Every structure is written in structure tokens, then in C-alpha cells.
Amino acid sequence: GQTSSGKTFTMNGSGADPGIIPLAVRDIFDTAAEAADRVFLIRVSYMEIYNEEINDLLTLGSEKLPIHESLERGVYVSGLREEIVNNAEQVLQLLELGEANRHFGETNMNVRSSRSHTIFRMVIESSAKHQTNSGDAIRVSILNLVDLAGSERIPKTGADGVRLKEGKHINKSLMILGNVINKLSENGKQRGHIPYRDSKLTRILQSALGGNAKTSIICTAAPEEIHIEETRGTLQFASRAKCVSNCAQVNEILTDAALLKRQKLEIEELRKKLQGSHSEDLEQLILKQRNDMHKSELERDRLAMELEEERRLRETLEHRLAKQKMSQNHNNTDISVEQFADSSQLDVLKTPDSKRTPDGFVASRSHYLKDAEFCPIPENLGSVADEDLWMQLNKGCITDLDMLEMTSDFKCPPSPEDTTA
Ligand SMILES: Nc1ncnc2c1ncn2[C@@H]1O[C@H](COP(=O)(O)OP(=O)(O)OP(=O)(O)O)[C@@H](O)[C@H]1O
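Rules behind the numbers
Residues numbered from 1 in each chain as written. Predicted model: local features only at pLDDT ≥ 70, side-chain atom pairs only at ≥ 80, totals over all residues. Heavy atoms only, no water. Helix = DSSP H or I, 4+ residues; strand = E, 2+ residues; numbered from the N terminus. Expected span 1.5 Å × (residues − 1). Buried < 20%, exposed > 50% of the residue type's maximum accessible area, 1.4 Å probe, protein only. Arc of directions from axis to C-beta. Contact = heavy atoms within 4.5 Å. Near = heavy atom within 4 Å. Polar contact = N/O pair within 3.5 Å; in protein donor to acceptor, adjacent residues only side chain to side chain. Areas by Shrake-Rupley, 256 points an atom, 1.4 Å probe, with all protein chains shown as cover. Nonpolar A, V, L, I, M, F, W, Y, C, P; charged D, E, K, R; others polar. Axes fitted to C-alpha atoms, helices over the stretch in contact; angles between N-to-C directions. Parallel < 35°, antiparallel > 145°, perpendicular 65-115°, else oblique. Left-handed = near helix turned anticlockwise from the far one by under 90°. UniProt positions renumbered as here; feature names shortened; annotations may be inferred. Pairing = 2+ DSSP bridges. Salt bridge = Lys/Arg side-chain N within 4 Å of Asp/Glu carboxyl O.

Participant: Describe helix H2 (residues 20-34), and please don't skip the residues or the numbers.
Facilitator: Its 15 residues give H2 an end-to-end C-alpha distance of 21 Å, which sits within 8% of 21 Å, the value for a rise of 1.5 Å per residue. All of the buried residues along H2 are Ile-21, Pro-22, Ala-24, Val-25, Ile-28, Phe-29 and Ala-32. In a view along the axis of H2, the buried residues occupy a sector of 165 degrees, so they form one face of it. In H2, the exposed positions angled more than 90 degrees off the buried face are occupied by Ala-33 and Glu-34. In the core, the buried residues of H2 are packed alongside helix H1 (7-12), strand E1 (38-50), strand E5 (83-85), helix H3 (88-101), strand E8 (117-128) and strand E9 (138-147).

Participant: If you had to explain the site of the ligand to someone new, which residues and values would you point to?
Facilitator: Near the ligand you find 13 residues, and of these Thr-3, Ser-4, Lys-7, Ser-113 and Ser-114 are the closest. One nitrogen or oxygen atom from the side chain of Thr-8 is found 2.9 Å from an oxygen atom belonging to the ligand. Taken by itself the ligand offers 620 Å² of open surface, and the protein chains cover 62% of this. For the shell around the ligand, the secondary structure elements donating two or more residues are H1 and strand E7 (113-114). It is H1 that contributes the most residues to the shell around the ligand, three residues altogether. Its residues placed into classes, the shell around the ligand shows two nonpolar, 10 polar and one charged.

Participant: Help me get a handle on the packing of H2 against H3, residues and values and all.
Facilitator: As a packed pair, H2 and H3 sit with axes 9 Å apart at the nearest point and diverge in direction by 155 degrees. By the angle between their axes, H2 is roughly antiparallel relative to H3. Helix-helix and strand crossings are classified by hand; for H2 and H3 the assignment is right-handed. Contacts between H2 and H3 involve Ile-21, Pro-22, Val-25, Arg-26 and Phe-29 on the former and, on the latter, Ala-88, Glu-89, Val-91, Leu-92 and Leu-95. Residues belonging to the contact of H2 with H3 are distributed by class as follows: eight nonpolar, no polar and two charged.

Participant: Describe the side chain of Ser-113, listing the residues and the values that go with them.
Facilitator: Of note, Ser-113 is situated in strand E7. For Ser-113, the contacting residues outside a window of four places in its chain are Thr-3, His-103, Phe-104, Gly-105 and Thr-107.

Participant: For the UniProt feature "binding site: ATP" (unreviewed entry) in the protein chain, give the residues involved together with the corresponding values.
Facilitator: Here, the residues flagged by UniProt with the feature "binding site: ATP" (unreviewed entry) are Gly-1, Gln-2, Thr-3, Ser-4, Ser-5, Gly-6, Lys-7 and Thr-8. By secondary structure assignment, the location of Gly-1 is in the segment before H1. The residues contacting Gly-1, other than those within four sequence positions of it, are Lys-7, Gly-150, Ser-151, Thr-220 and Thr-234. Within the element layout of this structure, Gln-2 appears in the segment before H1. Discounting residues that sit within four places of it in the chain, Gln-2 has contacts with Lys-7, Met-109, Gly-150, Ser-151, Thr-220, Ala-222, His-227, Glu-230, Thr-231 and Thr-234.

Participant: Talk me through the pairing of E1; I want residue IDs and the actual numbers.
Facilitator: E1 sits mainly inside the fold: 10 of its 13 residues count as buried. As defined by bridge partners, E1 adjoins E5 across three bridges and the pair is classed as antiparallel. Bridged to Ile-42 within E5 is Val-85. Summarising the sheet, E1 and strand E2 (residues 53-56) pair through four bridges and their orientation is antiparallel. Paired with Glu-48 across the two strands is Asn-55, which belongs to E2. Linkage of E1 to E2, two consecutive antiparallel strands, is achieved through a turn of two residues, within which Asn-51 is found at a positive phi near 50 degrees.

Participant: Can you tell me about the pattern of salt bridges, naming the residues and giving the values?
Facilitator: What the rule picks out here adds up to 19 salt bridges. With its nearest N and O atoms 3.5 Å apart, the salt bridge here joins Glu-69 to Arg-197. Residue Glu-69 is located in strand E3 (residues 67-70), and its partner Arg-197 is located in the loop between helix H5 (162-185) and helix H6 (200-204); the two are separated by 128 residues in the primary sequence. Accessibility expressed as a relative area gives 47% for Glu-69, which makes it partly exposed. The exposure class of Arg-197 is exposed, given its relative accessible area of 61%. Notably, a salt bridge pairs Glu-308 with Arg-312, separated by 3.9 Å at the nearest N-O pair. In this pair, Glu-308 and Arg-312 both sit in helix H9 (residues 256-330), four residues apart, roughly one turn of the helix. Since its relative accessible area comes to 43%, Arg-312 is described here as partly exposed. Put simply, Glu-308, Glu-309, Arg-311, Arg-312 and Glu-315 are held in one network by salt bridges that share partners.

Participant: Account for the environment of Thr-234, with residues named and values stated.
Facilitator: Looking at the secondary structure, you find Thr-234 in helix H8 (residues 228-241). On the basis of relative accessibility, which here comes to 9%, the residue Thr-234 falls in the buried class. For the pair Thr-234 and Cys-219, spaced 15 residues apart in sequence, the C-alpha separation works out to 6.8 Å. If sequence neighbours within four positions are ignored, Thr-234 has contacts with Gly-1, Gln-2, Cys-219 and Thr-220.

Participant: Could you give an account of the environment of Thr-220, naming the residues involved and the relevant values?
Facilitator: Tracing the backbone through its elements, the reader meets Thr-220 in the loop between helix H7 (206-210) and H8. Note on Thr-220: relative accessible area 9%, which makes it buried. Remark: the alpha-carbon pair of Thr-220 and Ala-238, spanning 18 residues in sequence, is separated by 9.9 Å. Ignoring sequence-local partners within four residues, the contact set of Thr-220 consists of Gly-1, Gln-2, Ser-5, Gly-6, Lys-7, Thr-10 and Thr-234. Of note is the side chain of Thr-220, whose polar atom sits 2.6 Å from the side chain of Ser-5.

Right, here's the structure in full:
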């Protein structure tokens, strides 16, 4: 608002009618007292920007403090005194001290015109009294209560000399504040560069204007018609400022211990999630491996049974061969087993067509020895061999009798029917 429209009065008020600053201070301490589960540390500072220079209002004779910027603290005024306070009264006393140090000047429009912008700052830190799952996080809030010097028309204020110089600085910084607000109120992509650095006021209030902050602006206007231009300008500024939208979040600072504790919790949660997501896959894998193992066991049992069967068969045959050999040794006229050295002949022992007798073996198979050389018919038998007699003479060594019929020496006796005919 223009000069003498009531900005300082709105912020400070009077004894009987306290302004925003004393009301806010009391409110903060009341709220802190209600939050029984948290401990608070509150610090205050009070500065003014006079002729584009920063003065500490809580330190007598302090002038021209520089602005610095760091990753940890952001933009800050170096060397500014910060007082730790425990109650509202303490703060109000400091405010009084600051007011006494502030630059005021008499103009045609205001006998006690603010010739500087002031920033009263409260830094409120809090942490949980008792340790919680979220660790020892410290919440940090900063409350800036700003009283601007009023814009002024030089002819109206009648400023000259020092007042004129002050007025120029005031107007310039207010114009830059207007530019910053205009830029911030533009659509995100069209915003472009925001000229925070063009004035100390906007630089210090950078985070409060367009950063992680909630900002309230009170505009004051003089009702007289003569000030209509200034009132119009004030209202234009207000309508632009309404378009700025910020996104405020809770600021937390973590101590090393709190950070470690949080990270441990996060790791634990992630581990649980990881186990949960893999358990189904693992179960399926285990099930498949069990099935495979079971199949392998069945196959192994089957092979073992086959092997056992083979072994038993082999033993039986070896046993028979041994017996047959002994039998052959006792009867030289019998066919010797050695005659069957040819493996193809030995194979007949396994053929299903073999006529099995406990002590005998099959001498031949028709498809192995087509001429039946294996079974010379004994001389005393003549041309016809009776099956029983053949077996008797051969001591159990029987041959394929069907094959005998095909030998050249074998003459089949005529059947009784044929003889009768
Ligand atoms: N609401 C109000 N009730 C009573 N007095 C008021 C009110 N608003 C302003 N005043 C009085 O008007 C005068 C000018 O007010 P104030 O100094 O607050 O104006 P300002 O906008 O801060 O001016 P400047 O920009 O020049 O500092 C003061 O004497 C103040 O006490």
C-alpha cells in the first residue's frame, strides 16, 4: 500500500489493538504449549533493508550485512543476530528494541513514515519428546513478518535530500517486488527468469515468494479520491499476487542417528517386500524340483529292477551252461558246448522258441543253421528218430525237432493213415 495507508499499524498495532506480529507471536507460543509431545526451539531476528542495505535491528550500530547462499541454509543474511526466546513477552521486548533502531522519517504524508522494509523472522524448530518410528527428525519452519515501506509519489510526499534518496530506493525495490510477483503469477512454462536478485528484499524473501512456503499479502489503501491512482496500483498488485501458487511441504532435518534409523526401517520394509514377492516363485521352483526328483527316483527304481532281472537271467544261464559242460564231459558222444563258440549260436539260448528242459539246451535254431549240421543222427537210429528216444540218447540235449524234419538225412516215416491207404 501507499505511504500512510496503515501498513505498519497493521503489522504492529497498538497496545490496546495489537497488530499481526504480536498476535502471531502469542499464537505460536500458545500452539507450542499445546503440543505436549514435542519440544520447541524458537529463535527470532529482526532486520531492515534501508537504501538497499541490510541492518540488524537487534544489534546497535550494525550495518550492511551481506547476503550469502549455501546448500544447507539457502539464502541467508550473514552475521544477523538470532535470539533464542522462550515466551511471547521476550519476543515483544526484542520487537520494541528493533523498532527503536528502525529508520523512520517525517514526510508530508506521514509524520512517522517507514523509510525501510523490515523483516521480523521467527525460526521454529521442533522434535518429538520421545523417540518414534520416524526417528529424531527435526521440523523447521520459518515465519517472516514483513512491513514494507510505502510507495510514494515524490511530489505528494514533498521528499527531497535524504527523503528523496530513500523514496527512490523504496519505489525501486517495490517495483522489483511487483515484477517478481508478475513473473510468478505467469503460467509455469512462460515464466522464464524470475528477477529475485534485482533487490535485497526479493532475494531475502525468495523462498517465501515462490518456493516452499505459504504466503499471505495484506494490501492497504487510502480511501481518499486524491489517492485513486495509488489505490489502483495497489489493487493491481494484489490481483496479480493472488495468481501465484506455491506448494508448501513440511521441512524436516534429520540427524545422523535419525537418518540411520529411518534407513534401517526402509531396508527392513524393502526386505519384507522382496521376500513376499519372491516366495511364490520359490515355492513353484521347489515344487518342480520335488517332481523332478520323484521322477528320477522312479526311473532309478525301474532301471534297478531291469538290472536285477538281467542279472538273475545271466546267473541262471551261466548255471545251466556250467551243468551242461559237466554233462558233456561225461559223454563224449554228446555234442560239446565248445562247438557253440560262435556267439550267434549261443544267442539261441535266449530265444523264445527254445524247448526248455531242466538239464538241456537248444542246440540250434533253424534260421541260424539251415543245414542242421549240429545234430548228427546217431547211426543206430536209422533214418527215423523217435522224439523220446532222441532225447534219451542225447541225455537231455534236445534240439529243435521241427528243424530235424528239414535235414537231408531225415526221412519222415509214413504216417499210419498213409500206410493204410
Ligand atoms: N487502522 C488504523 N487505526 C488507527 N490508526 C491507524 C490505522 N491505520 C493507520 N493508522 C494511523 O495512520 C498513520 C499512518 O499509518 P502507518 O504508519 O501504519 O502507515 P504506513 O502505511 O506504514 O506508512 P509508511 O508507508 O509511510 O510507513 C499512523 O499514525 C497510524 O497510527
